[in-house]
Amino acid sequence: MVAIGVRWVIAPVLVPTGGRETVSLRSAQWYAGDDRNSYIHRAWMRRGVPADAFDRPQIAIANTASDLTPCNAHLSEVAASVKNGIHEAGGIPLELPVVSLGETQVRPTAMLWRNMAAMATEEMLRANPIDGVVLLGGCDKTIPSLLMAAASVDLPAVVVPGGPMLNGTFRGVPLGCGTDVWRLSEEVRAGTLSREAFLRSESSMIRSRGHCNTMGTASTMAVVAEALGTVVPGVAGTPAPDSRLLEAAHGTGRLIVDMVAADRRPSTFITHASFANAIVALAAVGGSTNAVVHLLAIAGRLGIDLTLDDFDRIGSGVPVLVDLLPAGRFLMEDFHRAGGLLAVLREVRDLLDPTALTVTGAPLVDFLDDAPIWDPEVIRLRREPLVEHGGIAVLRGNLAPDGAVIKPAAASPHLLRHRGRAVVFDSVEDFHARIDDPELDVDADSVLVLRGCGPRGYPGMPEVANMPLPTKLLEQGVRDMVRICDGRMSGTAYGTVVLHVAPEAAAGGPLALVRSGDVISLDVDARRIDIEVPDDELAARSPSEATLAGFAAPRRGWERLYVDHVLQADTGADLDFLLGSTGSQVSRESH
Ligand code: FES
């Protein structure tokens, strides 16, 4: 390794390097020296760059821009601003296209590929002469996969969230991405909206570049990543078309060079306290349940002992302060205008761990002094919360021995304690085939059970838990029912949905043993989800042939690897051999 002088300019947002004057660059393992191999590494990269470029920090820009990930399609423009910042600070920017997952396009579900994207990104960062990385993500799985990769390779890393799209409107009323698709399609099924009007709203749904504009999974993961300390404080939630996003990208480009100088790697500043702050943020913004599996997976890569129960213990007393769809009324553009995440966190400052650091080297709480709420309709004051107790409730019982989650703020209060007869579906296909059958024995008190949708069973744990209600009940005015599933639900969805049931049916969980007509009891206050069937009777049951038929194991490729190694939702649904960090060391030369 060579030592170079630290001579780049430090922007105001950055912190000093603690008096260090020299930094050893990992990339020097490729570029330093006068032997044949260093010649080869330099010569093929030279292509017009000066010789001293190889003495400077080599910064990858892991870019998930893709025409097939429309929420991230603008990220190459963001990358250009990052590059300018890196150059200014004395680094060498190197764009690295990485696996990108378009939530609405990828089948059978983007979640099947999250771990693959994380693994591929990790390996490419490790394999290349990289000293640090700027992570450009947006659409649901992209920030999680990038952070999982960065945690495992443990190089200095910082996220630039791609930002939400601007508010769209239809007939003068704001449209929330995702949430209003569910709402409008239910209105069509209920006969209160024409199909023609529904289809006309399609061109209004996506107004601009950027990811979904509700507090869905993409917005949630951006703000949670900031609360975790991996985004420059104040940047998450900046709308994609807002020029301030490019300014932030430019500043982040400068910052990553400083992070390399300070050797500020994920393992040096992300701690359990960081996750505790992320959980507080998740609750205060009324964020997506998907953040649970993603945060557990990121923690697993860092070797941090984060558990499902931490979400309940830390988050369930936190008030929801953000009045955004799907739990409230407004959209991300309003959230940013109203002050963004820092304004929210200032209201719950006493609940934050002051020791948790950020990519800047300074604690997160240091950024809260000048973070006013500009619109208390959108971001509520602590004394006037949208919901007094937010967060994620973790349920256990004989139906979910390893846990299941529910988001009480998105549920109907009258259903939080409920008993009802199960109506069981063995697969998504079975559900669609029968849910609108006029003969289906279902009423408003029934509990819809959908299985075969966990990590192994689908495979990939799709967002299907928020099952559409039977048309005949919609026509009667029913708008919510208790639903139970071993899959996930979209962050833009709402309802009394018990999800992430673990173990899943395909992994031998008791969900596989439920029969239509069994009574299921839900008691969110008591954190219980049970099937009222005696233990001995339950033990004597075996899964029906229809249930087993849905779990045919894939024979080849990624799906096979995934099914053989995926863990359950209660630990983040990562692959067993990807847990932990192997760092950035590469043992052998390539020639
Ligand atoms: Fe990309 Fe919603 S589909 S963020």
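Residues numbered from 1 in each chain as written. Predicted model: local features only at pLDDT ≥ 70, side-chain atom pairs only at ≥ 80, totals over all residues. Heavy atoms only, no water.

(A) Region of interest: the overall build of the protein. On a plain count of helices and strands, the protein comes out with 21 helices and 16 strands. For 591 residues, the compact-globule formula gives about 25 Å, and the C-alpha radius of gyration of the protein, at 24 Å, lands near that figure. For the C-alpha atoms alone, the extent of the protein along its principal axes is close to 80 × 50 × 45 Å. A buried classification covers 62% of the 591 residues belonging to the protein. Here the protein displays about 22400 Å² of accessible surface, and carbon together with sulfur accounts for 51% of that area. With 53 positive and 72 negative side-chain charges, the protein shows a spacing of 4 Å between the two charge centroids. (Helix = DSSP H or I, 4+ residues; strand = E, 2+ residues; numbered from the N terminus. Rg over C-alpha atoms; globule rule 2.2 N^0.38 Å. Buried < 20%, exposed > 50% of the residue type's maximum accessible area, 1.4 Å probe, protein only. Areas by Shrake-Rupley, 256 points an atom, 1.4 Å probe, with all protein chains shown as cover. Lys, Arg positive; Asp, Glu negative; His and termini not counted. Charge placed at Lys NZ, Arg CZ, Asp CG, Glu CD.)

(B) Local environment of empty space enclosed by the protein. Taken as a whole and judged by the stated rule, the model has 2 cavities of 30 Å³ or more. Taken as a whole, the largest cavity spans an internal volume of roughly 60 Å³. Lining the largest cavity are 14 residues, with Leu147, Ala150, Thr230, Pro266 and Ile270 sitting closest to its centre. At the level of secondary structure, the elements contributing two or more residues to the lining of the largest cavity comprise α5 (142-153), β6 (157-161), α11 (266-269) and α13 (290-302). Broken down by class, the residue content of the lining of the largest cavity amounts to 13 nonpolar, 1 polar and no charged. Here the lining of the second largest cavity is built from residues that sort into 5 nonpolar, 4 polar and 1 charged. (1 Å grid on protein atoms, 1.4 Å probe; cavity = no way out; pocket = protein on both sides within 12 Å on 5 of 7 lines; lining within 4 Å. Points joined across faces, edges and corners; volume = space filled by probe spheres on them. Nonpolar A, V, L, I, M, F, W, Y, C, P; charged D, E, K, R; others polar.)

(C) Representation of the confidence of the model for the protein within the structure. Summarising the model, the protein shows a mean pLDDT of 93, and 96% of its residues fall at 70 or more. Across residues 1-20, where pLDDT falls below 50, the model places 51 contacts with residues more than four positions away in sequence or in other chains. (pLDDT = per-residue confidence, 0-100. Contact = heavy atoms within 4.5 Å.)

(D) Inspection of the sheet that holds strand β5 (residues 132-137) at higher detail. Strand order in the open sheet made by the 4 strands is β4-β3-β5-β6, with parallel pairing throughout. Looking along the sheet, the strands with just one partner apiece sit at the ends: β4 (92-97) and β6. Adjacent strand axes in the sheet meet at a mean angle of 20°, parallel and antiparallel pairs treated alike. (Pairing = 2+ DSSP bridges. Axes fitted to C-alpha atoms, helices over the stretch in contact; angles between N-to-C directions.)

(E) Structural view of the nonpolar core. One finds Leu135, Leu136, Phe275, Phe335 and Leu450 to be the most contacted residues of the largest nonpolar core, which totals 132 residues. Excluding anything up to four places from it in sequence, Phe335 contacts Val223, Val285, Val322, Leu324, Gly340, Leu341, Val344, Val378 and Ile379. Counting 27 residues, the second-largest nonpolar core is a separate cluster that includes Ala393, Val424, Val514 and Val524. (Core = buried A, V, L, I, M, F, W, Y, C linked by side-chain atoms within 4.5 Å.)

(F) Geometry of helix α4 (residues 110-127). Compared with an ideal rise of 1.5 Å per residue, which puts 18 residues at 26 Å, α4 spans 25 Å between its outermost C-alpha atoms and is within 8% of the ideal. With 13 of its 18 residues buried, α4 lies for the most part within the structure. (Expected span 1.5 Å × (residues − 1).)

(G) Broad picture of the environment of Gly90. Relative to the helices and strands, Gly90 resides in the loop between α3 (75-88) and β4. Taking the C-alpha atoms as reference, Gly90 lies 9.5 Å from Asp258; in sequence the two are 168 residues apart.

(H) Spatial organisation of the packing of α4 against α13. Where α4 contacts α13, the axes come no closer than 13 Å and their chain directions differ by 30°. When the interaxial angle is binned, α4 and α13 end up roughly parallel. α4 and α13 meet at a crossing whose hand is right-handed. Between α4 and α13, the residues in contact are Met111, Arg114, Ala118 and Glu122 and Val293, His294, Ala297 and Arg301, respectively. Here the contact of α4 with α13 is built from residues that sort into 4 nonpolar, 1 polar and 3 charged. (Parallel < 35°, antiparallel > 145°, perpendicular 65-115°, else oblique. Left-handed = near helix turned anticlockwise from the far one by under 90°.)

(I) Examining the packing of helix α9 (residues 217-227) against α13 more closely. For the pair α9 and α13, the least separation of the axes is 10 Å and the interaxial angle reads 40°. In terms of orientation, α9 and α13 fall into the oblique class. As α9 packs across α13, the resulting crossing turns out to be right-handed. Touching Thr217, Thr220, Met221 and Val224 of α9 are Asn290, Ala291, His294 and Leu295, all from α13. Residues of the contact of α9 with α13, tallied by class, amount to 4 nonpolar, 4 polar and no charged.

(J) Region of interest: unusual backbone geometry. The omega torsion across Tyr458 and Pro459 is -5°, close enough to zero to call that bond cis. By the element assignment, Pro459 lies in the loop between β12 (447-450) and α18 (471-474). A cis amide bond links Ala502 with the next residue in sequence, Pro503, at an omega value of -5°. For Asp154, which is not glycine, the phi dihedral falls at a positive 50°. With respect to the element layout, Asp154 can be found in the loop between α5 and β6. With phi around 60°, His500 is a residue other than glycine that occupies positive phi space. Tracing the sequence through the fold places His500 in strand β14 (residues 497-502). A relative accessible area of 4% means that His500 is categorised as buried.

(K) Representation of the pattern of salt bridges in the model. Counted by the stated rule, this structure contains 39 salt bridges. Between Arg382 and Asp350 there is a salt bridge; the shortest N-O distance is 2.9 Å. Of the two residues, Arg382 is situated in the loop between α16 (340-347) and β9 (393-397) and Asp350 in the loop between α16 and β9; the sequence distance between them amounts to 32 residues. Looking at Arg382, the relative accessible area reads 30%, which means it is partly exposed. Overall, the relative accessible area of 56% leaves Asp350 in the exposed class. Ionic pairing is found between Arg451 and Asp426, a salt bridge with its closest N-O pair at 2.8 Å. One end of the pair, Arg451, is in the loop between β12 and α18; the other, Asp426, is in the loop between β11 (417-425) and α17 (428-434), with 25 residues separating them in the sequence. Exposure class is identical for Arg451 and Asp426. Each is buried. (Salt bridge = Lys/Arg side-chain N within 4 Å of Asp/Glu carboxyl O.)

(L) Inspection of a nonpolar patch on the surface at higher detail. Where nonpolar side chains cluster on the molecular surface, the patch consists of Val181, Trp182 and Tyr494 and spans about 230 Å² of accessible area. By the secondary structure assignment, Trp182 is in helix α6 (residues 179-190). (Patch = residues over 30% accessible without salt bridge, like charges linked within 9 Å, V, L, I, M, F, W, Y side chains within 5 Å.)

(M) Seen up close, the side chain of Arg126. If you trace the backbone, Arg126 turns up in helix α4. Among the residues examined, Arg126 registers a relative accessible area of 9% and is labelled buried. Looking at Arg126, its side chain comes within polar contact range of the side chain of Glu122, at 2.7 Å. Ignoring sequence-local partners within four residues, the contact set of Arg126 consists of Arg26, Trp30, Ser152, Val153, Thr582, Gly583, Ser584, Gln585 and Val586. (Polar contact = N/O pair within 3.5 Å; in protein donor to acceptor, adjacent residues only side chain to side chain.)

(N) Broad picture of α5. Helix length check: α5, at 12 residues, gives a terminal C-alpha distance of 17 Å against a target of 16 Å (1.5 Å per residue), a fit within 8%. In terms of residue burial, α5 counts as a mostly covered element, since 12 of its 12 residues are buried. Listing the buried residues of α5 in full gives Thr142, Ile143, Pro144, Ser145, Leu146, Leu147, Met148, Ala149, Ala150, Ala151, Ser152 and Val153. Two residues or fewer past α5, Asp154 is found with a positive phi of approximately 50°.

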